[in-house]
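Here's the letter readout for the chains.
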Amino acid sequence: MAWRNAGRALQVLLLQPPAGAKSLTPRGPAASYGTSITSAKIQVNGVHLHYQQTGEGSHAVLLLPGMLGSGQTDFGPQLKSMNKQLFTVVAWDPRGYGKSIPPSRDFPPDFFERDAKDAVDLMQALKFKKFSLLGWSDGGITALIAAAKYPALVHKLVVWGANVSVTQEDVRIYNGIRDVSKWSEKVKKPLEEMYGHTYFAKTCEAWVDGICRFAERSDGNICQELLPDIKCPTFIIHGEKDPLVPQAHAEYIHKHIKGSRLLLMPEGKHNLHLRFAEDFNRQVEDFLQ
């Protein structure tokens, strides 16, 4: 059945930790060259947000993860391999995800706007006056909203696996992964280790409810009206084999952000930044420079 295939795809593509994630700790003198990855928490909007930071470049970049994601689980190859002389890379755990617990994750109607404000305020708390955003999946939606609402702070924008509306087709896909007991053990294990089974299962169900609620709006709108407000250089990447986000979503974003670029990766799926990390990092670094 289609929903089973979609659910399996999400398990494999969205949530599986990248290979080599344990290799992030530097050895020997590497840390003296700015290659170490620090981990800390800082209070933002009444919440202690966890983040990782690496590099010593003048160009600050924030990585925004997807549903149930965190910096390390979603961005291992970027934290490890992005150019640390050119960039200072920050990867955050949104409130209720990863190590930014408490609070428990919830999904009020404005949860994307709340994440966008948290993300921007985090970077300001870390004393970055201007920065670029790299957003994947839900994090891509958050990044689009942040770029539209806080244009003076955002230098450049990269999004992939994002959508600005929810269709009935999307709803079918989301409902296909509602019950985590149907997920493979390989995918469930790291998330259960991070969150515990009850929190993991409850949060997944709550996310499905929260994201599907947008389908009840006119045109399934999440943030379509904000796209014309994005003035920074924008790079949209889409995997042509992404089973979770139809290509029409990427094309819509491209059409409605003036001057944006769209790159289609023929073999890319939803996790193209993990599966093709070297190519992805190169394309993004070239755009950001």
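Residues numbered from 1 in each chain as written. Predicted model: local features only at pLDDT ≥ 70, side-chain atom pairs only at ≥ 80, totals over all residues. Heavy atoms only, no water.

Novice: So what's going on with the overall build of the protein? Which residues, and what values?
Specialist: Along the protein, the regular secondary structure elements total ten helices and eight strands. Here the protein, with 289 residues, has 56% of them falling under the buried criterion. Contacts in the protein between residues at least 24 apart in sequence constitute 75% of all its contacts with a sequence separation of at least 6. Taken as a whole, the protein presents about 12,600 Å² of accessible surface, with 51% of it coming from carbon and sulfur. (Helix = DSSP H or I, 4+ residues; strand = E, 2+ residues; numbered from the N terminus. Buried < 20%, exposed > 50% of the residue type's maximum accessible area, 1.4 Å probe, protein only. Contact = heavy atoms within 4.5 Å. Areas by Shrake-Rupley, 256 points an atom, 1.4 Å probe, with all protein chains shown as cover.)

Novice: An account of the packing of aromatic side chains is requested, with residue identities and associated values reported.
Specialist: Evaluation of the coordinates by the stated rule reveals ten aromatic pairs. When the ring of Phe107 is compared with that of Phe111, the centres are 5.1 Å apart and the planes differ by 90°; the resulting orientation is edge-to-face. Residue Phe107 is classed as buried on the basis of its relative accessible area, which comes to 7%. The buried category is assigned to Phe111, whose relative accessible area is 1%. On the numbers, 5.8 Å between centres and 35° between planes, the contact of Phe112 with Phe214 is tilted. Taken together, the residues span a long stretch of sequence, with Phe112 in helix H3 (residues 111-125) and Phe214 in the loop between helix H7 (197-212) and strand E7 (234-239) at a distance of 102 residues. (Phe/Tyr/Trp six-rings, centres within 6.5 Å; stacked < 30°, edge-to-face > 60°.)

Novice: Residues and numbers for the sheet that holds strand E4 (residues 87-93), please.
Specialist: In space, the eight strands of this open sheet follow the order E1-E2-E4-E3-E5-E6-E7-E8, with mixed pairing throughout. Looking at the sheet topology across the chains shown, the edges are occupied by strand E1 (37-44) and strand E8 (261-265). The mean inter-strand angle of the sheet, taken between neighbouring strand axes irrespective of direction, is 20°. Direction of pairing for strand E2 (residues 47-54) relative to E4: antiparallel, over a ladder of five bridges. The partner of Gln53 across the bridge, within E4, is Val90. (Pairing = 2+ DSSP bridges. Axes fitted to C-alpha atoms, helices over the stretch in contact; angles between N-to-C directions.)

Novice: Account for the packing of helix H5 (residues 168-175) against H7, naming residues and giving values.
Specialist: With their axes 10 Å apart at the nearest point, H5 and H7 run at an angle of 175° to one another. For the element pair H5 / H7, the angle class is roughly antiparallel. Within the contact between the two elements, H5 uses Val171, Tyr174 and Asn175 and H7 uses Trp207, Val208, Ile211 and Cys212. (Parallel < 35°, antiparallel > 145°, perpendicular 65-115°, else oblique.)

Novice: Go over the pattern of salt bridges, please, and point to the residues and values.
Specialist: Across all of its chains, the model carries eight salt bridges by this definition. Among the ionic pairs, Lys117 bridges to Asp121, the shortest N-O distance being 2.6 Å. Separated by four residues within a single helix, Lys117 and Asp121 lie in helix H3, roughly one turn from each other. With a shortest N-O distance of 2.9 Å, Asp209 and Arg178 are connected by a salt bridge. (Salt bridge = Lys/Arg side-chain N within 4 Å of Asp/Glu carboxyl O.)

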